[in-house]
Amino acid sequence: MKLSINRHLMQRLGFTGITLMAIATVTPIVAVVIYILAQGLPAISTEFLTGFPHDGMRAGGILPAIIGTLYLTIGTAIFSVPLGIAAAIYLSEYASDTPLTRTIRIAIINLAGIPSVVYGLFGLGLFVLFLKFGTSILAASMTLSIMTLPVIISTAEEALRSVPQAFRTVSISLGATRWQTIRRIVLKEALPGILTGVILGLERAAGETAPILFTGAAFFLPRLPQSPFDATMALPYHLFVISTQ
C-alpha cells in the first residue's frame, strides 16, 4: 500500500514538473508573439503590403521583398525537394548497410550543421562566379537548395524507415514490384514525416540571410524581377539591412 502511494506521488510530481517546464517554455514564445503583434499591427496597411519602395527605401511598401522571398522559396523547392526525397528513398530502400552508406549518412548529418554563411560563400564561388549565373534568383535558389538538402534527406529517410517492414512484405507477397511497393505503400505511409522535413527545410531557406546576401539579394529594387537571372529583394535581407541602418 505504501509503495503504491509513493509511486502515485512520484507520478504526480513528474507530471507537475513536466507541466511547469512546458509552461515555462511556451510562455516566453506567446509573450513575444503578442508583443510583436501589438507593436506591428498598427503599422501594417494595404499600401505597405502591396506598394513598391521609393525615396531610397525611406517610404513605400515591401511587395518586391515579399514576391522575391516567394520566388526564392519556390526555386529552392524545385531543386531540393525531388532530389532530397529521391536520395532518401535510395538510402532507405535500396542502399545496403555498408561503411560507405554509413559514411554518407554521417556526412549528411554534418552538412546540416554547417553555418549558412559557408553555404553562401560556396554559392558565390560556384554559381555566381564559376557558372556565371551572376547575383540572381537562380544562383540564390540553388545555394539554398544545397543548404536544405541535408534536412530534407535526413527527415525523409527517418520517415521512410519508420514504416513497418510488414507493409513491404505483404505488398511484395501480393505480386507488387519493389518500386510499386515504395510508391503506393511506403511513400503514402511516410508522407506526413516527409512533409514535415520539407516544411522545415523550406522554412529555413525562406528565413536565411547569409546565403542570399552573396548570391542573389538586392537592397533596393523598385520593380519585380523579370527572369531567374535577375537579382531580387527578399524579406530576410531587407530586415537585416533596415535593422542595421
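Described below are features of the structure shown in this document.

About the criteria used
- Residues numbered from 1 in each chain as written.
- Predicted model: local features only at pLDDT ≥ 70, side-chain atom pairs only at ≥ 80, totals over all residues.
- Heavy atoms only, no water.
- Helix = DSSP H or I, 4+ residues; strand = E, 2+ residues; numbered from the N terminus.
- Rg over C-alpha atoms; globule rule 2.2 N^0.38 Å.
- Polar contact = N/O pair within 3.5 Å; in protein donor to acceptor, adjacent residues only side chain to side chain.
- Contact = heavy atoms within 4.5 Å.
- Axes fitted to C-alpha atoms, helices over the stretch in contact; angles between N-to-C directions.
- Parallel < 35°, antiparallel > 145°, perpendicular 65-115°, else oblique.
- Left-handed = near helix turned anticlockwise from the far one by under 90°.
- Salt bridge = Lys/Arg side-chain N within 4 Å of Asp/Glu carboxyl O.
- Buried < 20%, exposed > 50% of the residue type's maximum accessible area, 1.4 Å probe, protein only.

## Quick word on the overall build of the chain
Thinking step 1. Tallying secondary structure elements over the chain gives 10 helices and two strands in all.
Thinking step 2. Helices and strands in the chain line up, N terminus first, as α-α-β-β-α-α-α-α-α-α-α-α.
Thinking step 3. At 24 Å, the chain has a C-alpha radius of gyration far larger than the 18 Å of a compact globule built from 245 residues.
Thinking step 4. Overall size of the chain, expressed as C-alpha extent along the three principal axes, is 75 × 55 × 30 Å.

## Details of the side chain of E93
Thinking step 1. Relative to the helices and strands, E93 resides in helix α3 (residues 63-94).
Thinking step 2. A distance of 3.2 Å separates polar atoms of two side chains, one belonging to E93 and the other to S92.
Thinking step 3. If we ignore the near neighbours within four places in the chain, the residues touching E93 are L160, R168, R178, I182 and V186.

## Here's the deal with the packing of α3 against helix α8 (residues 178-207)
Any two packed helices are characterised by the angle at which their axes cross and by the distance between the axes.
Thinking step 1. Contact geometry for α3 and α8: axes closest at 9 Å, N-to-C directions at 140°. In this view, α3 runs oblique relative to α8, as classed from their interaxial angle. The two elements α3 and α8 meet at a crossing, and its hand is right-handed. In this structure, α3 uses T69, T73, T76, A77, S80, V81, I85, I89, E93 and Y94 to contact α8, whose residues at the interface are R178, W179, I182, V186, L187, I194, V198, L202, A205 and A206.

## Observations concerning the environment of A231
Thinking step 1. Mapped onto the elements of the fold, A231 is located in the loop between α9 (210-215) and α10 (235-244).
Thinking step 2. Sequence separation of A231 and G134 is 97 residues, and the distance between their C-alpha atoms is 8.4 Å.
Thinking step 3. Once you skip the residues sitting within four places of it in the chain, A231 turns out to touch T135, S136, G216, A218, L221 and P225.

## Considering the pattern of salt bridges
Thinking step 1. All told, the structure shown has five salt bridges when counted by the stated rule.
Thinking step 2. For R102, the salt bridge goes to D97, with nearest N and O atoms at 3.1 Å.
Thinking step 3. For D97, a relative accessible area of 60% corresponds to the exposed category.
Thinking step 4. Of the charged contacts in the structure, one is a salt bridge between R105 and E157, with a shortest N-O distance of 2.5 Å. Of this pair, R105 sits in helix α4 (residues 99-112) while E157 sits in helix α6 (residues 137-161); the two residues are 52 residues apart in sequence, bridging distant segments of the chain.
Thinking step 5. Note on R105: relative accessible area 17%, which makes it buried.
Thinking step 6. Looking at E157, the relative accessible area reads 6%, which means it is buried.

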